[in-house]
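Remarks on the overall topology
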Amino acid sequence: FNEVLDKYGAIYKGKPDEKVVYLTFDNGYEAGHTESRLDTLKAENVHATFFLTGHYLTSATPILKRMVKDGHIIGNHSYDHPNMANLSEKGMEDELSRFDKKLKEFTGIERTVYFRPPKGIFNEKLLSHGNKLGYRHIFWSIAFIDWHKDKPRGKDYAYGELMKQVHPGAVILMHTVSSDNAEALPSF
């Protein structure tokens, strides 16, 4: 795993000797919890990376614009959220470029540079071709089941999962559909 990711410059954790963590959020659709995250991040003067889909760009445009205005990084999570490893090179390009074109239309941002494959599914073809297109692949070192919006487990669960896994250089993956981690974020 490390060898393949290193070969293509992909990231899933930062330096273990630096007391830094990286907050990343995957947004496939808006479930009403992203604004509170943005409020928390702003209050704490913290910037995050939001990996968005094409659906999110078109259905939550005002929130997208706030993310940009607040100084967060917008990452590409594909346009339609497919298994990118199963696509042809042309299919990969289409997913990435359609997202970037729509993002530019709404925000003026020329293109994204960070890409997170949906569900973290990848192969060497995806990593290699993504690099040729100018993308850096971002994965994570901390994640927990937080994408079932109909199965809340509470803010204490989310906080506990984050604290039990946190480490220097952690790239933390959270999903914005979860009320649990939205409620836990201020304490975290």
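Scroll up to find the structure this text is about.
Below, the structure is looked at part by part. (Residues numbered from 1 in each chain as written. Predicted model: local features only at pLDDT ≥ 70, side-chain atom pairs only at ≥ 80, totals over all residues. Heavy atoms only, no water.)

The next subject is the nonpolar core. Counting residues in each nonpolar core, the largest one holds 27 residues, and the members touching the most others are L23, F25, F50, L52, M67, I74 and M174. Among the secondary structure elements, those contributing two or more residues to this core are β1 (22-27), α2 (34-43), β2 (49-52), α3 (54-59), α4 (61-69), α5 (89-107), α7 (155-165) and β6 (171-175). Not counting residues up to four positions away in its chain, the partners in contact with F50 are F25, N27, T34, L38, L41, M67, H72, I73, I74, G75 and T176. (Core = buried A, V, L, I, M, F, W, Y, C linked by side-chain atoms within 4.5 Å. Buried < 20%, exposed > 50% of the residue type's maximum accessible area, 1.4 Å probe, protein only. Helix = DSSP H or I, 4+ residues; strand = E, 2+ residues; numbered from the N terminus. Contact = heavy atoms within 4.5 Å.)

Below, the discussion takes up the side chain of T34. Here T34 lies in helix α2. At 2.6 Å, the side chain of T34 and the side chain of E30 are in polar contact. In this view, T34 contacts N27, F50, Y56, I63, M67 and T176; residues no more than four positions away in its chain are not counted. (Polar contact = N/O pair within 3.5 Å; in protein donor to acceptor, adjacent residues only side chain to side chain.)

Our next topic: the packing of aromatic side chains. Under the counting rule described, the total for this entry stands at 6 aromatic pairs. With a centroid separation of 5.0 Å and 20 degrees between ring planes, the pair formed by F25 and F50 is classed as stacked. Residue F25 is found in strand β1, and its partner F50 is found in strand β2; the two are separated by 25 residues along the sequence. We classify F50 as buried; its relative accessible area is 0%. With centroids separated by 6.4 Å and ring planes inclined at 50 degrees, the aromatic side chains of F139 and W140 adopt a geometry described as tilted. The structure contains a cluster of three or more aromatic residues connected by ring pairs, namely F1, Y12, F122, F139 and W140. (Phe/Tyr/Trp six-rings, centres within 6.5 Å; stacked < 30°, edge-to-face > 60°.)

This part is about the packing of α4 against α5. At a minimum axis separation of 10 Å, α4 and α5 run at an interaxial angle of 80 degrees. With respect to α5, the axis of α4 lies roughly perpendicular. Contacts between α4 and α5 involve T61, L64, K65 and V68 from the former and L103, F106 and T107 from the latter. (Axes fitted to C-alpha atoms, helices over the stretch in contact; angles between N-to-C directions. Parallel < 35°, antiparallel > 145°, perpendicular 65-115°, else oblique.)

Taken as a whole, this structure holds 13 salt bridges when the rule is applied. Here K7 makes a salt bridge to E124, at a shortest N to O gap of 3.2 Å. Taken as a pair, K7 in helix α1 (residues 2-7) and E124 in helix α6 (residues 124-132) lie far apart in primary sequence, 117 residues in all. On the accessibility criterion, E124 (37% relative accessible area) is partly exposed. (Salt bridge = Lys/Arg side-chain N within 4 Å of Asp/Glu carboxyl O.)

By themselves, these observations are geometric and do not establish any function.
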